[in-house]
Number of protein chains: 2
Amino acid sequence: MQLLKEKILNEGVALSDTVLKVDHFLNHQIDPELMAEIGQAFKERFEGKNITRILTLESSGIAPSVMAGLSLGVPVVFARKRKSLTLDENLLTAEVYSYTKQETNTIAVADKFINESDVVLIIDDFLANGEAANALADIVHLAGAEVAGIGIVIEKSFQSGPQKLKDRGYHVESLARIASLSNGEINFLSEVNA
Amino acid sequence: MQLLKEKILNEGVALSDTVLKVDHFLNHQIDPELMAEIGQAFKERFEGKNITRILTLESSGIAPSVMAGLSLGVPVVFARKRKSLTLDENLLTAEVYSYTKQETNTIAVADKFINESDVVLIIDDFLANGEAANALADIVHLAGAEVAGIGIVIEKSFQSGPQKLKDRGYHVESLARIASLSNGEINFLSEVNA
């Protein structure tokens, strides 16, 4: 997705060989027009799969997911990282380790929002080691529903996540695929649609 | 906003005299089309105010804010409730007590995302005791920027927040205003635009 790659090159910062900071447009400040384009791009990559629901994780997955939900005409559910007093019902839960935050979180979804007839598109802002996407897929399976695919805004292709998800048989579509972040330089995979 | 009020009546649940659960369309599952209408409604209520940025709070404020940002053509910044390893710069912070979760959180925004020339629209999903909106306004003032107004999706008009915010001189626009939640019944304020 060309617009996204330009944004990453112009406003992203390679903080280290593994950390890409995109807080100007994705995970602290959000560019709504870019999100609308991202939503449309996910629609183009997954339409025809009869998706009935989108599942994402708070907080940075919400903006691209809501725009994808608008494009695809389906509701969005976001998994929560902590329980709240008004989220007291039957929950589907999974464990996810965050390398960035160096902690394990239990993520949870009320079971009434995913059922056996659902065909679920999982969306997340980043794919690094695949922990979050795997946990979201676990929740879909716990509900007895089908994973239609996994849509990622920015994939760090040099980390273990992409292969892990493919090994589990998932259809992964990443809108920008980063080959390396060495020496402060952001390099994309040189392939069509990368 | 009629569509929102119908959603609240049809899918909201009055859990107690003070707690309204709207997890079917706003703060766990999200209805993207409703969010788009909410974004448009905020635009109609605040256009002409020369808004340059929207400030909200993760997680439930993000969806309506991104749609409002798309309608108004401005970026959205969401305050974080916890620091992450990649959010390590100069921060503007404020304290906010959550009655729902019975805890005090420090919310934070990187100072580079709000500056003195900004005219900021604050958006949040609920207005109850005004804690979150007040804290977001504090952050805008810390940045030396101007609060253009406060846009609320659902106002619990019987709690202290609406009056507190008006006493501080803010222009508050709430898309649905709830008069009471007694005996499991949801009653709206009977006024124009309520």
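Fair warning: this is a prediction, and the values are worked out from it, not measured in the lab.

A few words now on the overall build of chain A. Scanning chain A from terminus to terminus reveals five helices and 11 strands. Rg of the C-alpha trace for chain A: 16 Å, near the compact-globule value of 16 Å for 194 residues, within the 12% margin. Here chain A holds 194 residues, and the buried ones make up 58% of them. Here the contacts in chain A between residues at least 6 apart in sequence split such that 61% fall between residues at least 24 apart. Both charge centroids of chain A, one from 18 positive and one from 27 negative side chains, sit 2 Å from each other.

Our next topic: the pairing of strand E8 (residues 119–127) of chain B. Residue and element names in this part refer to chain B. With nine of its nine residues buried, E8 lies for the most part within the structure. The pairing of strand E4 (residues 53–57) with E8 spans three bridges and is classified as parallel. Across the sheet, residue arginine 53 finds its bridge partner in E8, namely valine 120. Where E8 lies against strand E9 (residues 146–156), eight bridges are found, and the strand directions are parallel. From the neighbouring strand, leucine 127 faces E9, where its bridge partner is glutamate 155. One crossover worth recording links E8 to the parallel E9 by way of helix H4 (residues 131–142), and it is right-handed.

The subject of this paragraph is the layout of surface pockets. Residues and elements named next belong to chain B. What the largest pocket holds in volume is close to 1200 Å³. No other element matches the four residues that E8 contributes to the lining of the largest pocket. Of the residues belonging to the lining of the largest pocket, the class tally is 14 nonpolar, 16 polar and 16 charged.

Attention now goes to the interface of chain B and chain A. Each partner contributes to the interface: chain B provides 45 residues, whereas chain A provides 45 residues. Taken together, the two surfaces of chain B and chain A that pack against each other cover about 3800 Å², and 62% of this comes from carbon and sulfur. Between aspartate 23 of chain B and lysine 112 of chain A there is a salt bridge whose closest N-O contact spans 3.2 Å. The tally of links between chain B and chain A comes to 17 residue pairs in polar contact (both at pLDDT 80 or more). Those elements that provide at least two residues to the side of chain B that touches chain A are strand E3 (29–30), helix H2 (32–46), helix H3 (62–72), strand E5 (76–79) and strand E7 (103–110) of chain B.

So, about the UniProt feature "binding site: xanthine" (unreviewed entry) in chain A. Per the UniProt entry, the sites bearing "binding site: xanthine" (unreviewed entry) are Leu20, Asn27 and Lys156 of chain A in this numbering. Along the chain, leucine 20 of chain A falls in strand E2 (residues 20–21). Those residues in contact with leucine 20 of chain A that sit more than four places away from it in its chain are Ile8, Gly12, Val13, Ala14, Phe126, Ile154, Ile178, Leu181 and Ile186 of chain A. When you line up the elements, asparagine 27 of chain A lands in the loop between E2 and strand E3 (29–30). Assessed through its relative accessible area of 15%, asparagine 27 of chain A is described here as buried. Once residues within four sequence positions are removed from consideration, asparagine 27 of chain A is found in contact with Val22, Ser60, Asp125 and Phe126 of chain A together with Phe78 and Arg80 of chain B.

Within this structure, the stated rule accounts for zero aromatic pairs over all chains. Lysine 5 of chain A extends its terminal NZ or CZ atom over the ring of phenylalanine 188 of chain A, reaching a point 5.2 Å from the ring centre.

Attention now moves to the sheet that holds strand E8 (residues 119–127) of chain A. Taken together, the seven strands give an open sheet; going across it, the order is E11(A)-E10(A)-E9(A)-E8(A)-E4(A)-E5(A)-E3(B), and neighbouring strands pair in mixed fashion. In this open sheet, the two edge strands, each paired with only one partner strand, are strand E11 (187–188) of chain A together with E3 of chain B. The sheet strands contacting helix H1 (residues 2–11) of chain A are strand E9 (146–156), strand E10 (172–180) and E11 of chain A, and the helix crosses E10 of chain A at an angle near 35°. Sitting on the sheet, helix H4 (residues 131–142) of chain A is in contact with strand E4 (53–57), strand E5 (76–79), E8 and E9 of chain A, with an inclination near 165° to E8 of chain A.

As a packed pair, helix H3 (residues 62–72) of chain A and H3 of chain B sit with axes 9 Å apart at the nearest point and diverge in direction by 70°. With respect to H3 of chain B, the element H3 of chain A is oriented roughly perpendicular. Between H3 of chain A and H3 of chain B lies a crossing whose hand is right-handed. Along its contact with H3 of chain A, which presents Ile62, Ala63, Val66, Met67 and Leu70 of chain A, the element H3 of chain B presents Ile62, Ala63, Val66, Met67 and Leu70 of chain B. Tallied by class, the residues present in the contact of H3 of chain A with H3 of chain B amount to 10 nonpolar, no polar and no charged.

A few words now on the sheet that holds strand E10 (residues 172–180) of chain B. Reading across from one edge, E3(A)-E5(B)-E4(B)-E8(B)-E9(B)-E10(B)-E11(B) is the order of the seven strands in this open sheet, with mixed pairing throughout. Across the chains shown, the open sheet's two edge strands, defined by having one partner strand only, are E3 of chain A together with strand E11 (187–188) of chain B. In this structure, E9 of chain B lies alongside E10 of chain B, joined through six bridges in parallel fashion. Looking at E10 of chain B, one finds that lysine 156 of chain B is bridged to isoleucine 178 of chain B.

Residue and element names in this part refer to chain B. Within the secondary structure layout, serine 160 lies in the loop between E9 and helix H5 (161–167). Serine 160 sits in the partly exposed class, given a relative accessible area of 33%. As a C-alpha pair, serine 160 and glycine 144 span 16 residues in sequence and 27 Å in three-dimensional space. Excluding anything up to four places from it in sequence, serine 160 contacts Ala128 and Asn129. A polar atom in the side chain of serine 160 sits 3.2 Å from the side chain of asparagine 129.

All names here are of chain A. Cis geometry marks the peptide bond from glutamate 58 to serine 59; its omega dihedral reads -5°. In this fold, serine 59 is placed in the loop between E4 and H3. The backbone of asparagine 183 sits at a positive phi, close to 55°, despite the residue not being glycine. Structurally, the position occupied by asparagine 183 is in the loop between E10 and E11.

Calculation notes
Residues numbered from 1 in each chain as written. Chains lettered and ligands numbered in written order. Predicted model: local features only at pLDDT ≥ 70, side-chain atom pairs only at ≥ 80, totals over all residues. Heavy atoms only, no water. Helix = DSSP H or I, 4+ residues; strand = E, 2+ residues; numbered from the N terminus. Rg over C-alpha atoms; globule rule 2.2 N^0.38 Å. Buried < 20%, exposed > 50% of the residue type's maximum accessible area, 1.4 Å probe, protein only. Contact = heavy atoms within 4.5 Å. Lys, Arg positive; Asp, Glu negative; His and termini not counted. Charge placed at Lys NZ, Arg CZ, Asp CG, Glu CD. Pairing = 2+ DSSP bridges. Right-handed = clockwise from strand over helix to strand, strands pointing away. 1 Å grid on protein atoms, 1.4 Å probe; cavity = no way out; pocket = protein on both sides within 12 Å on 5 of 7 lines; lining within 4 Å. Points joined across faces, edges and corners; volume = space filled by probe spheres on them. Nonpolar A, V, L, I, M, F, W, Y, C, P; charged D, E, K, R; others polar. Buried area = accessible area lost by both parts, 1.4 Å probe. Salt bridge = Lys/Arg side-chain N within 4 Å of Asp/Glu carboxyl O. Polar contact = N/O pair within 3.5 Å; in protein donor to acceptor, adjacent residues only side chain to side chain. UniProt positions renumbered as here; feature names shortened; annotations may be inferred. Phe/Tyr/Trp six-rings, centres within 6.5 Å; stacked < 30°, edge-to-face > 60°. Lys NZ or Arg CZ within 6 Å of the ring centre and 35° of its normal. Axes fitted to C-alpha atoms, helices over the stretch in contact; angles between N-to-C directions. Parallel < 35°, antiparallel > 145°, perpendicular 65-115°, else oblique. Left-handed = near helix turned anticlockwise from the far one by under 90°.

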